[in-house]
Structures are given as structure tokens and as C-alpha cells.
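Fold and geometry: a report
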Amino acid sequence: MADESAAITVTVVYARPDQVWRVAVDLPAGSRVGDALRASGLAECIGEVDLLAAPVGVFGEACERDRLLRAGDRVEIYRALPVDPKQARRRRAEQARAAAKSRQAGA
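Since we're looking at a predicted model, the values are computed, not measured. Counting restarts for each chain: residues are numbered from 1 in the order of the written sequence. Side-chain atom pairs in this predicted model are given and counted only at pLDDT of 80 or more, local residue features only at pLDDT of at least 70, and totals for whole chains, interfaces and linings cover all residues. The basis for the side-chain values is all heavy atoms of the structure; hydrogens and waters are excluded.

**As for the overall build of the protein**
The following threshold applies: Secondary structure is summarised from DSSP: a helix means a run of H or I of at least four residues, a strand means a run of E of at least two, and numbering begins at the N terminus for each. The quantity called the radius of gyration is restricted to C-alpha atoms. Its globule counterpart is 2.2 Å times the number of residues to the power 0.38. A simple rule labels every residue: compare its accessible area, found with a 1.4 Å probe on the protein chains alone, to the largest value its type can have, and call it buried under 20%, exposed over 50%, or partly exposed in between. The contact criterion used throughout is that any non-hydrogen atoms of two residues lie within 4.5 Å. Asp and Glu count as negative and Lys and Arg as positive, but His and the ends of the chain are not part of the count. For charged residues, the charge sits on one atom: NZ in Lys, CZ in Arg, CG in Asp, CD in Glu.
Helix and strand counts for the protein stand at three helices and five strands. In terms of overall size, the protein is more extended than a compact globule, its C-alpha atoms giving a radius of gyration of 21 Å where 107 residues would be expected to give roughly 13 Å. By the burial criterion, 29% of the 107 residues in the protein qualify as buried. Across the protein, every contact between residues at least 6 apart in sequence was considered, and the portion connecting residues at least 24 apart equals 45%. Here the protein holds 17 positive side-chain charges and 15 negative ones, and the gap between their average locations is 15 Å.

**What to know about the pairing of strand 1 (residues 7-16)**
For clarity, the threshold we go by: Two strands qualify as a pair provided DSSP detects at least 2 bridges between them.
Relative to strand 2 (residues 19-28), strand 1 is paired through ten bridges, and the arrangement is antiparallel. Looking across to strand 2, one finds that Thr 11 is bridged to Ala 24. Once strand 1 ends, the chain turns through two residues before running back antiparallel as strand 2. Across four bridges, the pairing between strand 1 and strand 5 (residues 74-77) is parallel. If you follow Val 12 over to strand 5, its bridge partner there is Val 75.

**Observations regarding the environment of Pro 85**
Position of Pro 85 among the secondary structure elements: in helix 3 (residues 85-106). Along the backbone, Pro 85 and Pro 28 are 57 residues apart, and their C-alpha atoms lie at a distance of 38 Å.

**Details of the pattern of salt bridges**
Cut-off, in case you're wondering: Whenever a carboxyl oxygen of Asp or Glu lies within 4 Å of a side-chain nitrogen of Lys or Arg, that contact is scored as a salt bridge.
Here the structure, examined in full by the defined rule, presents three salt bridges. Across the salt bridge formed by Arg 38 and Asp 35, the nearest N and O atoms sit 2.7 Å from each other. On the criterion of helical spacing, the pair formed by Arg 38 and Asp 35 is a turn pair, its members being three residues apart in helix 1 (residues 33-40). Look at Arg 38 and you get exposed, because its relative accessible area is 61%.

**What to know about the side chain of Asp 73**
Basically, it comes down to this: Here a polar contact is recorded for every N or O atom pair within 3.5 Å, except that within protein the pair must consist of a potential hydrogen donor and a potential acceptor, and residues adjacent in sequence are included only if both atoms are side-chain atoms.
Examined against the element boundaries, Asp 73 turns out to sit in the loop between strand 4 (61-63) and strand 5. For Asp 73, the side chain forms a polar contact with the main-chain nitrogen of Arg 70, separated by 2.9 Å. When neighbours within four sequence positions are excluded, Asp 73 is seen to be in contact with Thr 9, Val 10, Thr 11, Val 58, Phe 59 and Leu 68.

Written out as C-alpha cells, the structure reads:
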């Protein structure tokens, strides 16, 4: 069992298309994702982030805020995507089919 008095360092990240925030935080061993979010101060720095509602993960894997952290973990705050990826792919495929038909008609 880990020494509860030991400290761990984790990184909390949030990204927008135009900017990325990375904050290293030192926490006591046994800390959880929610502890890292609060310690990061990102909620105060970035007004658009609702840390209570935003989905979060560790190293790209979605998780709950009560997940235990290990030294070196990267806690990620996710934002809503402007378009569903499946819908975007479907739209691109439809546009490609329409363009192909147009080229065939003109040939």
C-alpha cells in the first residue's frame, strides 16, 4: 500500500482548437480526479469549463471523478464536439458521391 503522506504530481489539461491549458498539480497520494480538477484552478481561468458537468478522462479513457490517480497521470477535461463525428463522415461521403456523379455527368 502506498504511503498516504507521499505526494504525486499529475497534469490537468483542457484544449480548444486555438489553445491548450496544461497545469501540473501536486496532490497527496490517494487523490482522485475530482481533487486534481479542483487543485488545477482551470475552472476559474477558463469561464467556458463547467467542471461539474464536463466529461473527464485519464490518458484518453473516460472515467468518473472518483477514480484514484497515480503519479504522472494526465487528467483530461473534454468539451462537446460541435458536430457528431458520424454525422460529419456521412455528410462528407454524400458530398463525395454527389461530386463523383457530377463529374460523370459532365464527362
